[in-house]
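Residue-level listing of the chains:
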Amino acid sequence: MTAIERYKQIQEHVAQATERADRNRSSVRLMVVSKTWEAEDIRPIVEAGHAVYGENRVLEAVGKISLLPDHLEWHLIGHLQKNKVRKALTAFHTIHSMDSLELAQRINQVALDLDLKSRVMIQVNIGNEPQKHGFSVSDISSQLPRILALERLNVVGLMAIPPQVEMAEEARPYFRDLRVLRDRLEAEHGCSLPELSMGMTSDFEIAIEEGSTIVRVGSAIFGRRAKVV
Ligand SMILES: *Cc1c(COP(=O)(O)O)cnc(C)c1O
């Protein structure tokens, strides 16, 4: 199967999962994760009409963005270093990986400099894994007011990468936890966090059943990545 055939199949699976969950098809978007792949690998999917892409490294993304049509929507899903914030804000439509208060403050400051508003999601370390980036579940509630006070951020939701599990079904409780956390934060802080960025190749259907609004799928479309990322 070609990438384009697999892409169509994934779109079909997204539609089916959405229907099973009794949700509108338009309430879930597919992000094609193109990290490690070249612009020419991505182009057929662009030509099939797909516009939403995810990358985890700023410089790698900037190179590809310059080679592909302007109308595409690029999302940052990897850890953002403070010295790359300026480049990231000009290249990306949304930053899913805002993973600390310091980074939030830095994004806000650069957004002010560039006179823009940055569309961001708060990354939550939903499995409480020491090696993973993200706000801890226990800290986010106390830190959220300081994030919401940053005027140049448009905080649209939460993102998580659950712990690696053997069976996709084992990821379900983490997706549910993220949704419940979102509901609680909205109620406690009177804010709106409509987006839930969760679900990857192995578990996107379960993530959709648990309320994901954007699934991030790479290897199911392009095949296994050669480089370690
Ligand atoms: C690489 C990556 C993905 C896509 O992973 P696949 O398993 O290839 O679908 C999704 N989200 C994040 C944050 C990633 O780094």
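Read on for a plain summary of the structure.

Cut-offs used in this document
Residues numbered from 1 in each chain as written. Predicted model: local features only at pLDDT ≥ 70, side-chain atom pairs only at ≥ 80, totals over all residues. Heavy atoms only, no water. Helix = DSSP H or I, 4+ residues; strand = E, 2+ residues; numbered from the N terminus. Rg over C-alpha atoms; globule rule 2.2 N^0.38 Å. Contact = heavy atoms within 4.5 Å. Areas by Shrake-Rupley, 256 points an atom, 1.4 Å probe, with all protein chains shown as cover. Lys, Arg positive; Asp, Glu negative; His and termini not counted. Charge placed at Lys NZ, Arg CZ, Asp CG, Glu CD. Polar contact = N/O pair within 3.5 Å; in protein donor to acceptor, adjacent residues only side chain to side chain. Salt bridge = Lys/Arg side-chain N within 4 Å of Asp/Glu carboxyl O. Buried < 20%, exposed > 50% of the residue type's maximum accessible area, 1.4 Å probe, protein only. Core = buried A, V, L, I, M, F, W, Y, C linked by side-chain atoms within 4.5 Å. Near = heavy atom within 4 Å. Nonpolar A, V, L, I, M, F, W, Y, C, P; charged D, E, K, R; others polar. Phe/Tyr/Trp six-rings, centres within 6.5 Å; stacked < 30°, edge-to-face > 60°.

### Observations concerning the overall build of the protein chain
Reasoning step 1: Looking only at helices and strands, one finds 9 helices and 9 strands in the protein chain.
Reasoning step 2: Its C-alpha atoms give the protein chain a radius of gyration of 17 Å, near enough to 17 Å, the size a compact globule of 229 residues would have.
Reasoning step 3: The principal-axis extents of the C-alpha atoms in the protein chain amount to approximately 50 × 40 × 30 Å.
Reasoning step 4: Here the analysis covers contacts within the protein chain between residues at least 6 apart in sequence; of these, 58% occur between residues at least 24 apart.
Reasoning step 5: Working note: accessible area of the protein chain is about 11,000 Å², and carbon and sulfur atoms make up 47% of it.
Reasoning step 6: When the 29 basic and 31 acidic side-chain charges of the protein chain are each reduced to a single mean position, those positions are 4 Å apart.

### Side note on the side chain of His-50
Reasoning step 1: Turning to its location among the elements, His-50 is positioned in the loop between helix H2 (39-47) and strand E2 (52-55).
Reasoning step 2: In this structure the side chain of His-50 is engaged in a polar contact, spanning 3.2 Å, whose partner is the backbone oxygen of Leu-30.
Reasoning step 3: Ignoring any residue separated from it by four or fewer positions in sequence, one finds His-50 in contact with Tyr-7, Gln-11, Leu-30, Val-32, Ile-45 and Leu-72.

### A word on unusual backbone geometry
Reasoning step 1: Positive phi is not limited to glycine here, since Thr-36 has a value of about 75 degrees.
Reasoning step 2: Mapped onto the elements of the fold, Thr-36 is located in the loop between strand E1 (29-33) and H2.

### Some remarks on the pattern of salt bridges
Reasoning step 1: Inspection of every chain in the model, using the stated rule, returns 16 salt bridges.
Reasoning step 2: Where Glu-55 meets Lys-64, a salt bridge forms, and the shortest distance between an N and an O atom there is 2.8 Å. Assigned by exposure class, Glu-55 and Lys-64 land together as buried.
Reasoning step 3: In this structure, the salt-bridge partner of Arg-184 is Glu-188, at a minimum N-O distance of 3.2 Å. Of this pair, Arg-184 and Glu-188 both sit in helix H7 (residues 172-189), 4 residues apart, roughly one helical turn.
Reasoning step 4: Look at Arg-184 and you get partly exposed, because its relative accessible area is 35%.
Reasoning step 5: Overlapping salt bridges, with partners in common, bring together Arg-20, Glu-169, Arg-172, Arg-176, Arg-179, Glu-209 and Glu-210 in one network.

### Let's talk about the side chain of Glu-55
Reasoning step 1: Along the chain, Glu-55 falls in strand E2.
Reasoning step 2: Among the polar contacts made by the side chain of Glu-55, one reaches the side chain of Lys-64 at a distance of 2.8 Å.
Reasoning step 3: Excluding residues that lie within four positions of it along the chain, Glu-55 makes contacts with Ser-34, Lys-35, Glu-60, Ala-61, Lys-64, Trp-74, His-75, Leu-76, Ile-77, Gly-78 and Phe-92.

### Digging into the nonpolar core
Reasoning step 1: Ranked by size, the top nonpolar core spans 65 residues in total, and within it Leu-80, Met-98, Ile-107, Ile-122, Ile-147, Leu-153 and Leu-158 carry the most contacts.
Reasoning step 2: If one sorts the elements of this core by residue count, helix H5 (residues 101-113) sits on top with 6 residues.
Reasoning step 3: In this structure, Ile-122 is in contact with His-96, Met-98, Phe-135, Ile-140, Leu-144, Ile-147, Val-155, Gly-157, Leu-158 and Met-159, ignoring residues within four places of it in sequence.

### Quick look at the site of the ligand
Reasoning step 1: Near the ligand, the surroundings consist of Val-33, Lys-35, Ile-77, Ile-161, Met-200, Thr-201, Arg-216, Val-217, Gly-218, Ser-219 and Arg-225.
Reasoning step 2: Contact distances for the ligand include 2.8 Å between an oxygen atom and a side-chain N or O atom of Arg-225.
Reasoning step 3: Here the ligand loses 89% of its free accessible area of 390 Å² to cover by the protein chains.
Reasoning step 4: Looking at side-chain class alone, the shell around the ligand contains 5 nonpolar, 3 polar and 3 charged residues.

### Describing the environment of Pro-69
Reasoning step 1: With respect to the helices and strands, the residue Pro-69 is situated in the loop between helix H3 (58-67) and strand E3 (73-76).
Reasoning step 2: Residue Pro-69 is classed as partly exposed on the basis of its relative accessible area, which comes to 31%.
Reasoning step 3: Considered as a pair, Pro-69 and Arg-172 are 103 residues apart in the sequence and their alpha carbons are 36 Å apart.
Reasoning step 4: If sequence neighbours within four positions are ignored, Pro-69 has contacts with Arg-43 and Val-46.

### So, the environment of Gly-78
Reasoning step 1: Mapped onto the fold, Gly-78 is located in the loop between E3 and helix H4 (85-91).
Reasoning step 2: In this structure, Gly-78 is in contact with Glu-55, Asn-56 and Ser-97, ignoring residues within four places of it in sequence.

### Let's talk about the packing of aromatic side chains
Reasoning step 1: By the definition in use, this model includes 2 aromatic pairs.
Reasoning step 2: Ring centres of Trp-37 and Phe-222 lie 5.6 Å apart, and the angle between their planes is 20 degrees; on these two criteria the pair is classed as stacked. Of this pair, Trp-37 sits in the loop between E1 and H2 while Phe-222 sits in helix H9 (residues 219-222); the two residues are 185 residues apart in sequence, bridging distant segments of the chain.
Reasoning step 3: When the centroid spacing of 5.4 Å and the interplanar angle of 35 degrees are considered together, the rings of Tyr-53 and Trp-74 count as tilted. Taken together, the residues span a long stretch of sequence, with Tyr-53 in strand E2 and Trp-74 in strand E3 at a distance of 21 residues.
Reasoning step 4: Among the residues examined, Trp-74 registers a relative accessible area of 3% and is labelled buried.

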